[in-house]
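In case you want the letters, here they are:
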Amino acid sequence: MIRIANGQGFWGDSLEAPVEQVRRGPIDYLTLDYLAEITMSILQKQRSRDPRTGYARDFVEMIARVLPDLVERKIRVIANAGGVNPAACRDAVLEVARRQGIHIKVATVAGDDIMARLDDYLSRGVALKNMETGEPLSAIRDRVQSANVYFGAFPVAEALRRGADIVITGRVTDTGLALAPMVHEFGWKSDDWDRLAAGTIAGHTVECGAQCTGGNCQVDWDTIPNMGDIGYPIIEAEPDGTFTITKHAGTGGRVTVASVKEQLLYEMGDPREYITPDCVADFTTIQLEQCGPDRVRFSGIHGRPATEFYKVSISYSAGFKAIGALVYAWPDAYKKAKASDRILRERLDRLGLKFDAIRTEFVGANACHGIPSAEPSPEIEPHLAEVVMRIGVRSNDRAAVERFTKELAPLALNGPPVVTGFGSGRPKVEEIVAYWPALIPKREVSPEVTLWPQEN
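### Side note on the sheet that holds strand β12 (residues 295-299)
Ordered in space as β11-β12-β8-β7-β1-β2-β3-β6-β4-β19, the ten strands form an open sheet in which the pairing is mixed. Lying at the two open borders of the sheet, with one neighbouring strand each, are β11 (287-292) and β19 (448-452). This sheet shows a mean twist of 20 degrees between the axes of neighbouring strands, independent of strand direction. Sheet topology places strand β7 (residues 234-237) next to strand β8 (residues 243-246); four bridges connect them, and they run antiparallel. Note on β8: the bridge partner recorded for Ile234 is Thr246. Packed onto the sheet, helix α9 (residues 257-264) meets β11 and β12 and runs at close to 145 degrees relative to β11.

### Focus on the pairing of β7
In the case of a regular strand, side chains alternate between the two sheet surfaces. Of the two faces of β7, the one lined by Ile234 and Glu236 and the one lined by Ile235 and Ala237 are each fully buried. Bridge count for strand β1 (residues 2-6) against β7 is four bridges, and the pairing is antiparallel. For Ile4, the partnering residue across the bridge sits in β7 and is Ile235. Hairpin geometry of β7 and β8 is characterised by an intervening segment of five residues between the two adjacent antiparallel strands and by a positive phi of about 100 degrees at Gly241.

### What about helix α6 (residues 154-161)?
Within α6, burial applies to Pro155, Val156, Ala157, Ala159 and Leu160. Where the residues of α6 are buried, they touch β2 (29-32), β3 (76-79), β4 (106-110), β6 (166-169), α7 (174-186) and β19. Note on α6: the residue one or two positions beyond its end, Gly163, has a positive phi of about 100 degrees.

### Regarding the packing of helix α8 (residues 193-206) against α9
Where α8 contacts α9, the two axes come as close as 8 Å, and the packing angle between them is 100 degrees. When the interaxial angle is binned, α8 and α9 end up roughly perpendicular. Mapping the contact onto sequence places Ile201, His204 and Thr205 in α8 and Val260, Gln263 and Leu264 in α9. In terms of residue class, the contact of α8 with α9 is made up of three nonpolar, three polar and no charged.

About the thresholds
Residues numbered from 1 in each chain as written. Predicted model: local features only at pLDDT ≥ 70, side-chain atom pairs only at ≥ 80, totals over all residues. Heavy atoms only, no water. Pairing = 2+ DSSP bridges. Helix = DSSP H or I, 4+ residues; strand = E, 2+ residues; numbered from the N terminus. Axes fitted to C-alpha atoms, helices over the stretch in contact; angles between N-to-C directions. Contact = heavy atoms within 4.5 Å. Buried < 20%, exposed > 50% of the residue type's maximum accessible area, 1.4 Å probe, protein only. Parallel < 35°, antiparallel > 145°, perpendicular 65-115°, else oblique. Nonpolar A, V, L, I, M, F, W, Y, C, P; charged D, E, K, R; others polar.

Now the structure itself:
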């Protein structure tokens, strides 16, 4: 049995969670998931401004804190913190190790960044069609900001086989980070579909960190103990593909069949066909058992052969947006907020401003649901203490969006009374980054595994 801990569900998750996972109990591997679709475009922009950037810097700072612990406890780390620049991330980690006088081996898994090869693919008929609309990538080629293939677990397992203490990847699937140690330790083959499916589901269960240990939990959320010290998940994996989800003893949170089921539903899609580069997992075969306090055992999982394609995450520029808000207070807070929205829209029309979309939410009245049934009742509406009028616009015309940002603050004096929230200044115009999912034949891309210090 091996213990695989996850300490990061996204870039921006708890800075303390990875440290706690290392120090509060025994683990063999620490996995860290930093990447989301929009994160890749952010990192690509950073690298375009400075070739030394383009990775999750929080990861390097975390390694600096726990490197002596990792070495002492013989814990190996797997993270997709490399973003669009795994080599720079590796160099930063090696510099941390040098300063601390600690010798480690760091591997990178690269080759996922296909930005420079897009025109070649298109010229050879690899259309990279949008999986949702069927449009060819050529329709938005001039606006593409990043393009990355989702690799699976086997390149990471190869890095572990070569002796890496820390594996830094680019765009590897969230599930692959946890599956890789099982492939490596248990010798699972690339056609061992049931076991690969089990490891994939284990990775899916922990990929969002504390979301499977009581965080963001809908079932009896107010009874979950000590969420201020919530424990992050640990996989106890066995060679036959069964595994148990748990957490460190003495930590807060809760691991139950109910909490695990909520996470299993996250971004699942078709439960019979959860497609990854490594296999197709069938979630309907999962058997769950509460086998002790904060322990849920998985068994009976089946999988099917992987497809011949990798998924590609492509981001592209899709115009501009700005979002602003004003807060209206009792009495008649909701009535004032709606009047403010109406007045603002009238003024935008008088200015001749056109937008691809304009949307208003009334936070405190109906923002979360936005449907007629969510309107406050006539009995409740006059008693609402405050309502936030939040309005946003979207357009390819940056000038129009910029002009919108200058019309919000004047409402403080020339609109409804008892208003606040304008002290932070005008809203910021932001570029919109859109997502283009596509498929590419696996024969068109090869992962690149490199170990540093380099092998003889």
